[in-house]
Amino acid sequence: MQKMKTTYIVMGLLAVLTATSCKKKLDFQYDNRVNTEPMPLSSTRIINLASATQLSINGKKLTSYMLPDIDGYYGPDQTRPTIYFPETGRMGITFTIPQEFVNATGGIDSIRFSSLGNKIGLPDSRKFSAKDNFNDPHDYYYIRLRPNIGTYQDSLVAVSRSVSPPSNPTNIKIRLLNLSSEPNGLSQPGVFRKGPMSLAWANGTTISGMENIAPGSASAYIEMPYGTYQLKVLEASGKEVQGNSSFVLNIATGTAMDYYGDIGVGGRKDTWLTYAPVKTFQPGGVYTIVVSMNYDCSIPTGNPNGETVNTEGNTFRIISDISEPVNVIYSRVQAVNVTQGTDVQWLVNDKPLGNALSFTQQTDYKTFVTGVYTLKATDKSGATLAQQELRLQPGDNITAWLYPAKDGKATIALSSNNMSGKFFNGNAGEEGSYSMYKDNTPTWTRFMNFCSELDEVTFTTDDGQPFLATPGSVAVNASQHIQLGKPVTQDPNVQLMLNMPGKVLVYASRPGITPGDWLSQITPLKSTDFIANPSLYKTPQLPNREPGYYTVALVGKKVGEARMIIIKHNK
Amino acid sequence: MQKELLLGCRHKRQSMQQYVLKLLLLLIVVMPVTRICAQQPGSKVVSVQFKEEDILTCLKKVEAASGQNIYYQPSELKPITKKYSAVFTEKPLRTVLATLLQGTGFEWQEVNNKIVIRKKERAAEKENLATEENKPWFIKGKITDEKNKPMSGVSVNVKGNKNGIVSGDDGSFIIKATSANPVLVFSHTGYGKKEYPVTDSSELSVTMLPGEVSLGEVTVSVKKRLNTESAVLIERKNSAIISDAISAQQIERTASITTTQALQRVSGVTVTDDKYVAIRGLGDRSVIGQLNGIRLASSDPDRSTIPLDLIPASLLDNITIYKSITPDKPADAAAGIVELKTKSIPAKQTFVFSAQTGMNTRAGNMVNSFYNSDMGFFGNKVKEKGLTPEFQALSAQYPGGLKDIQRKIADSRNDPAMLAEANRINNIMHTFDPVLTTRYKTAPLNQNYSVTYGDNFTVFKKHQVGLILGGNYYSRTNDIYEGTLTQYSVYQGVLTGNENVYSPRVIPNYITPNNINLGKYLNYKENTGTQTLNYGLLGGLTYRFNAQHEISFQYLGSRGAETRASNLYGAYEYTGIPGTVKNVIYSLRQSYRTLNTFNLQGEHKFLKGIYTPRLSYNLATSSSSQDDPDYRFANLADYRPNGGGAYTSPAEVPNTTGGYVGTAHLYSLVSGYVNGYGPYGIIQADPNGRRFRKLKEDNYNYKADVSVPFKLLGQKQEFKTGVNYLHRKRSFAENVLYLPGSNYSPNKALPIYEANGNLDKLVGYDRIGIRPQSGYNDEGAPRIGGFLYNIQKSPNNYKGYYETRAFYGMMDLRLTEALRLTGGVRFEMTDIQAAVDTSNVYLDASITTTDASGNKVNLVYTEPNSVYKTNYSPFYSANLTYTLNKEMNFRLGYNNSLARPELRELTNVFDFDPFQFALIVGNPKLKNQKTTSYDFRWEWFPANGEVIAVSVFYKEIDNQLTKVFKQNSKGLDAKFPEFPAIEFQNDPNTGRVYGIELEVVKNLGTLWEPLNNFFLGSNLLLAQSEIKKTAERLASSRAIDRRSPSNSPLFEQAPYSVNLYLNYANKKSGTDITTTFNMVGERLIQINLDGTPDLYSRPNPVLDIVFTQQLFKRVQLKGFAKNILDKPIEEVYANPGTGGMFYGKKYVRRSFNRGTELMIGLTYSW
């Protein structure tokens, strides 16, 4: 009786349990990504160099087709993402066509471009077609092309693209693609570069295999070590081709006008420099430098109020043929000898880094896998002068210096070079993601003091005036009280404006005394000393200086023998 | 020596030490004396003379001369015909007995300080024929009280055995014995303990005598045993003041796991949120929680609450609620005292183990939880989630704040040491779980274990040591799935604190004072999962030197951990902008609480007999802590404009503007302002963030009472005096870690777009700490610090203490046999001081940063230190009890009392509490509240375990400390969400509470025979409270509703509460089933100051069934089903007394089902 009762109770409870516990509970979830489904891509890309904003393929609108607010200006209400263009709903430079637009035979039909602006309109929209082939991927460059069949001034040019990475993973693959047009009667001859083009280093030395690439043709991809380069495109005459930028150009020379330089048109100043971006080419990257005609050359109308008008010109852009790799493994190191009277052989993990260096000489950069190394400096006989641990992070660019310390002992200093043009603006509090500014024409100088008789020095520009970081604010860290052998770690670069004139003077400062006593026996550096190759400039005058990343080091054992040397870090 | 006895208390207060020292000296003096007093019966010296008398007469003489009870069966001794003549002068009792029994075939034995005479043969047989002797046999009997009425509920034990029974309603009992000459032990609260040697199988007739008899026995039992209902009723009956109580028996019958659950069954008690206790409508500060006479520390940073839910009910003997107070009780118990008595020491060895398991039907096997929410079996994993010392050290290392760290990260390529430091900080920032959302998880079954062990021993021959050890563990899961939560308002619009997700406030034009409607403002579904675990340990040690001197020590420790994961999702209802505005809220909370109480009590009677002066003292320290590590809260508004929208991306090049990026969603982490506070009259209130809070409170409570009884008017009178010292020391530390995308950050919602509104991604490892390499891929580029959590303390850290000292004198006078007057005066002083930590705290960078022109705002703390001191002031109380007959009392009570502001309420900090959605502010101007109470009660105890009582009470409250919701609203001009401030104020209006309590506890069998096994209990409270609304509150309630009443009920005061229980106990079948019903009337739970009516909780009927079934001799099956009706719990916008309506419509703010909780398990007792 008692047991039965118990059994009933237990059974009853179990029944309630089973009856009530079966409800399935679902989490509340949401997914606000624009495109939540995988979108397989074809191998075919469109490179839109003609500033088209809208795209339709096979009758399907891929962009938002929103009219600009004011001509060429898209405000917040005209920015409507599509799943193909999730950021703005408009075409950018490159677009990989999704697989869904490729038909059974590999064709991509009815590619239509348009721009809803009126100012520099595109030719009437017309159909293009492309062919997708995974074994031979192509880029379709949409460009303005002259001369052209029919009356069209646009063209879709198919260019075979390499998607295979360089054979050496520390290298990059790069080519020059010349899609330049011929000028017409409206072209500004001073601005318009034409004909065969060559790719050159920053100092104008052409890169072998990249010379005289005729319009309509591309060089083969060549490999070179990864690094930060200011690659320049030269026309046959040796004049530089303008990189795509917003600089106002001198009508006569095609050079950029900015704040410093000789008085030019409309209150602007001629820099005699042609814009070419300084860019880090990432290891394993595949790049195409393409020259094409654009309506993006801004020239003064001559009106003293500074009015400008856009004109056409062949300018170049850097296109990444594969998505740019993230460098998580390589770093580069160079070494300098700033020990007077000693020749130095640098060794990394007992392997030589460059050849033996005499005083003030530097090695080329060598690429290393990140990690911890032993950096050693030996003399001619192989005796170790100094040794230090070298810790390398991905993307590091390190210059190793051997200098005599105050006691005369050879010592290694390591300085890390920022080759990105990006700098921390100091505004970040809790969120640092938005506190990075970019200098598009970096003219940066880092100062080092290796004169063992001087505990610290201060570098100034003309007349002892301090270097400015931003207008009104002195680059205190970068230029003042530079300690012997100690690289500055915070805001280490003096960031000069493009083409800024001014010498570099050096002062023996002391703590609390700025700038201190001028070391008049040390020849000041002129800004033109920073120009590597004056013959590059086919301009009426030389520019004041060249953009790039420099280190100015005060070297020499004794103050009397001391001098300043310039190390340029980018090629 | 001193220090040890003070239980490690390092509290340096001169006066206290002296005080304790005196007590200890007293102890040392008293101890040796007590040893001398104890004597064995056989050694007692007697002088007696026999003249040709038979043995029975002789023995009576010896009894009379020695005062020693001698047990024997006269029928056995009758056959002895021997006559005795002898003179004994100052001879030991044993000599006398030896002479008497010589050659009779009888012998005497000392049995537990009693002398028993029995046959010699039996003793010999016992040795020889042990097997036969141990054959069980049954002893029958009947127990009556001093008036010859049958006594039920008397516990009957065979001495030396662990099992016992309880006498039935007619006083009869049957108990099994295994030995030939068992000694039965009868005990009943309020009565003496009686030992009765059984020599034959005839039916026994036992008479129990009340009162002091028990004092003559040397058996350790901690005072009275009050663990049964009838025992607590007797205690109530004999008490000088109005009290209600619930016993362990009732706790078990209601299957209460926590003390708060048990308390809900007491008349006049209401419990909110399973935590906050109110007596007769007065809550918080007016209710004092005491554990064994010692005040419990609060573990809630913002409220003065007693951590009752931390104390497992199974470790308690009883809970008594004193509703009228006497001078020996703290004067700040305006509403009453909740006195928890832990398990007392048993008279015999006991061991009870029970294990139960079950589930909540709404939780099922799924509970809303979150990643890494595992608390561990003992909750230790919660504790480990607190801020690491490394993180806390950062604020000292980087006094400049996060700016310094960001720079260090940016520069970290330039120096290996900086790199190492940046990486170290990155690792610290990555220690926080990258999760802000909740997920359903498999829920473990509910578990409940408890074990109790008790015994008493004799040491040093005469001294008694009692020991009790108890442990309890439970883990429970609740889950609300798809509850609804709707915010109604007269206003419409979308205020989120971000201009991108904004629609101005309007009052729709169909809402007029003649046509009052509320519109849905926000409408949510709610998923809330709660997992609770708790365990406690009780240890009690009593050392009894003799009947007069006893000291005891108790430890109660408990630990509790809770995980609460809440998810609300819904939308703003009337946006007035094209597109929908969805809203999702996540709240992830874990807490870990501890309570340690050490308690040393002593009770000393200086003389024998009932007119002895008594000293009792109690030295206690307790410490409690509450740790809320990583309480995460995120409230995301997601506006989906028709056709999409755009946000501005930041500029990369100096002095340029960024571009526009299109988006289908515009986001805002909802945040707002509180107007009217802080140095600038406005305080930012960002509920979003990760909060780390730590509260620690140390409590030192010392008290001593001396009572001196004397005889006057032929009655026993008593004078009592004593002192009480209480010192509570508290420290509160808080860190608030804001989230990326806060509206108060310079880039506002920008990070949320990058995470596509995904809150987990928002705090993912790629956004927190150093950004991944892809963010600074260029050669030598400065590394980018992503989002870093705020390293500085919040400005809400404070330390303080709360000290009261008191002394009193009172008389307990029995004017006549029937009339008893208890009263006196108590003097109390108050000293509350708090200091806000103003050093190195986080202040909003946008205010404190030096701007371009070198201006800097210096934030000045207004009064960081609060001091409130009062001198000793008198509090009077008088209680008059008229006992008509033994069964009936009439009581009148009067007392005045005070309530003190809580430390937090005085402390001048502004702390936004996302849980209450309000800014909690301190008010240093607070002063004590004064309450005058009048009580009347009629009690009738018709039979054992039965009571019928009616009480009427009236309270007048001056300077009432009231919780005030303040909202200086900009009304229709509001551009940001406005949160109210919660402040405590002394109400200038006098508050009044009056009510009536009815209580009936009845054995239904006495009414109708077939209901013999049924017991009915019920209590009902009807109370009316009223307070005049303040001018601003009235103005805002009448902004729209011009007929809004000018008076309001008191906060959380219910107009009625009803408890009913029906118990069926069938001793034959071993079945015990209790059905309880509980319902509490509507209560005001939130005061709205924006024109919207106030919020009330609706009555919710709760029906529970608890059953016990004896399965085997020592095994019981226990189980319960709680909240069987599972009616939705509702909160409504309403006017009071309208049945939850507002102008004929029901506006339900929140509705959810709590679920039925089922448990089943086994209990083994031995």
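Summarised in this report is the structure supplied together with it. Please read all numbers here as calculations on a predicted model, not as lab measurements.

**Re the environment of A420 of chain B**
All names here are of chain B.
- Within the secondary structure, A420 sits in helix α14 (residues 416–429).
- A420 sits in the partly exposed class, given a relative accessible area of 48%.
- Along the sequence, A420 and I409 sit eleven residues apart, while their C-alpha atoms lie 9.7 Å from each other.

**Considerations on the interface of chain A and chain B**
- Across the contact, 73 residues belong to chain A and 87 residues belong to chain B.
- Summed over both sides, the interface of chain A with chain B buries roughly 6,500 Å², with 53% coming from carbon and sulfur.
- It is K25, E430 and Y434 of chain A in chain A that bury the most area against chain B; as a group they hold 14% of the surface buried on that side.
- Inspection of the region where chain A meets chain B yields six salt bridges.
- In this structure, R407 of chain B and D491 of chain A form a salt bridge, with 3.2 Å as the shortest nitrogen-oxygen distance.
- Linking chain A to chain B there are 41 residue pairs in polar contact (both at pLDDT 80 or more).

**Examining helix α5 (residues 93–101) of chain B**
- Those residues of α5 of chain B not exposed but buried are L93, V96, L97, L100 and L101 of chain B. Projected down its long axis, α5 of chain B carries its buried residues within an arc of 115°, all on one side.

**Some remarks on the sheet that holds strand β23 (residues 330–337) of chain A**
All names here are of chain A.
- The four strands lie next to each other as β26-β23-β29-β30, forming an open sheet whose pairing is mixed. Each edge of the sheet is formed by a strand with only one pairing partner; in this case those strands are β26 (366–369) and β30 (410–416). Averaged over all neighbouring strand pairs, the angle between strand axes comes to 30°, with direction disregarded.
- In this sheet, β26 lies alongside β23 in antiparallel orientation, the contact comprising four bridges. Pairing of S331 across the sheet is with F368, part of β26.

**Details of the sheet that holds strand β17 (residues 294–295) of chain B**
Residues and elements named next belong to chain B.
- Spatially, five strands are ordered β13-β18-β19-β16-β17 in an open sheet, and the strand pairing comes out mixed. Sheet topology places β13 (243–247) and β17 at the edges, where each strand pairs with a single neighbour.
- In terms of strand pairing, β13 meets strand β18 (residues 316–322) through five bridges, oriented antiparallel. Across the sheet, S243 pairs through a bridge with Y322, a residue of β18.
- On top of the sheet, helix α8 (residues 229–238) reaches β13 and β18; it is set at about 165° to β13, its chief contact.

**What to know about unusual backbone geometry**
- That bond from R146 of chain A to P147 of chain A is cis: its omega, -5°, falls within 30 degrees of zero.
- Structurally, P147 of chain A can be placed in the loop between β7 (138–144) and β8 (154–160).
- Here the bond from T514 of chain A into P515 of chain A is cis, since omega is -5°, no more than 30 degrees from zero.
- With a phi angle near 55°, D463 of chain A is a residue other than glycine that sits in the positive phi range.
- Its place among the elements puts D463 of chain A in the loop between β34 (456–460) and β35 (468–470).
- For D463 of chain A, a relative accessible area of 70% puts it in the exposed group.
- Of note in the backbone geometry, L713 of chain B takes a positive phi value of approximately 55° without being a glycine.

**Structural notes on the environment of P471 of chain A**
Residue and element names in this part refer to chain A.
- By the element assignment, P471 lies in the loop between β35 and β36 (473–474).
- A residue is classified by how much of its surface remains accessible, and P471, at 73% relative accessible area, is exposed.
- Sequence separation between P471 and M497 is 26 residues; the distance between their C-alpha atoms is 9.8 Å.

**Some details on the packing of helix α3 (residues 55–66) of chain B against α5 of chain B**
All names here are of chain B.
- Between α3 and α5, the shortest axis-to-axis distance is 11 Å and the interhelical angle comes to 175°. Here α3 is positioned roughly antiparallel relative to α5, judged by the angle of their axes. In this structure, α3 contributes I55, C58, L59, V62 and S66 to the contact, and α5 contributes L93, V96, L97, L100 and L101.
- Split into classes, the residues belonging to the contact of α3 with α5 amount to nine nonpolar, one polar and no charged.

**Quick word on the pairing of strand β28 (residues 549–572) of chain B**
All names here are of chain B.
- Counting buried residues along β28, 19 of its 24 residues qualify, which places the element largely inside the surrounding structure.
- Two elements, strand β27 (residues 519–544) and β28, share 23 bridges in a ladder whose sense is antiparallel. Within β28, the position partnered with N523 by the bridge is A571.
- Counting the residues that bridge the hairpin from β27 to β28 gives four residues.
- Examined bridge by bridge, β28 and strand β29 (residues 579–605) share 23 bridges and lie antiparallel to one another. Considered in β29, the bridge of R559 is made with T594.
- In this structure, the hairpin formed by β28 and β29 is closed by a connection of six residues, where G576 is found at a positive phi of approximately 70°.

**Quick look at the side chain of D705 of chain B**
Residue and element names in this part refer to chain B.
- Looking at the element boundaries, D705 is found in strand β36 (residues 689–712).
- Although buried, D705 forms no salt bridge, and the nearest oppositely charged side chain, K703, lies 4.8 Å from it.
- Only 2.2 Å separates the side chain of D705 from the side chain of Y808, close enough to count as a polar contact.
- Sequence-distant contacts of D705, that is, excluding residues within four places in its chain, are made with D328, R614, L615, S616, K720, T721, G722 and Y808.

Definitions and cut-offs
- Residues numbered from 1 in each chain as written.
- Chains lettered and ligands numbered in written order.
- Predicted model: local features only at pLDDT ≥ 70, side-chain atom pairs only at ≥ 80, totals over all residues.
- Heavy atoms only, no water.
- Helix = DSSP H or I, 4+ residues; strand = E, 2+ residues; numbered from the N terminus.
- Buried < 20%, exposed > 50% of the residue type's maximum accessible area, 1.4 Å probe, protein only.
- Contact = heavy atoms within 4.5 Å.
- Buried area = accessible area lost by both parts, 1.4 Å probe.
- Salt bridge = Lys/Arg side-chain N within 4 Å of Asp/Glu carboxyl O.
- Polar contact = N/O pair within 3.5 Å; in protein donor to acceptor, adjacent residues only side chain to side chain.
- Arc of directions from axis to C-beta.
- Pairing = 2+ DSSP bridges.
- Axes fitted to C-alpha atoms, helices over the stretch in contact; angles between N-to-C directions.
- Parallel < 35°, antiparallel > 145°, perpendicular 65-115°, else oblique.
- Nonpolar A, V, L, I, M, F, W, Y, C, P; charged D, E, K, R; others polar.
- Lys, Arg positive; Asp, Glu negative; His and termini not counted.

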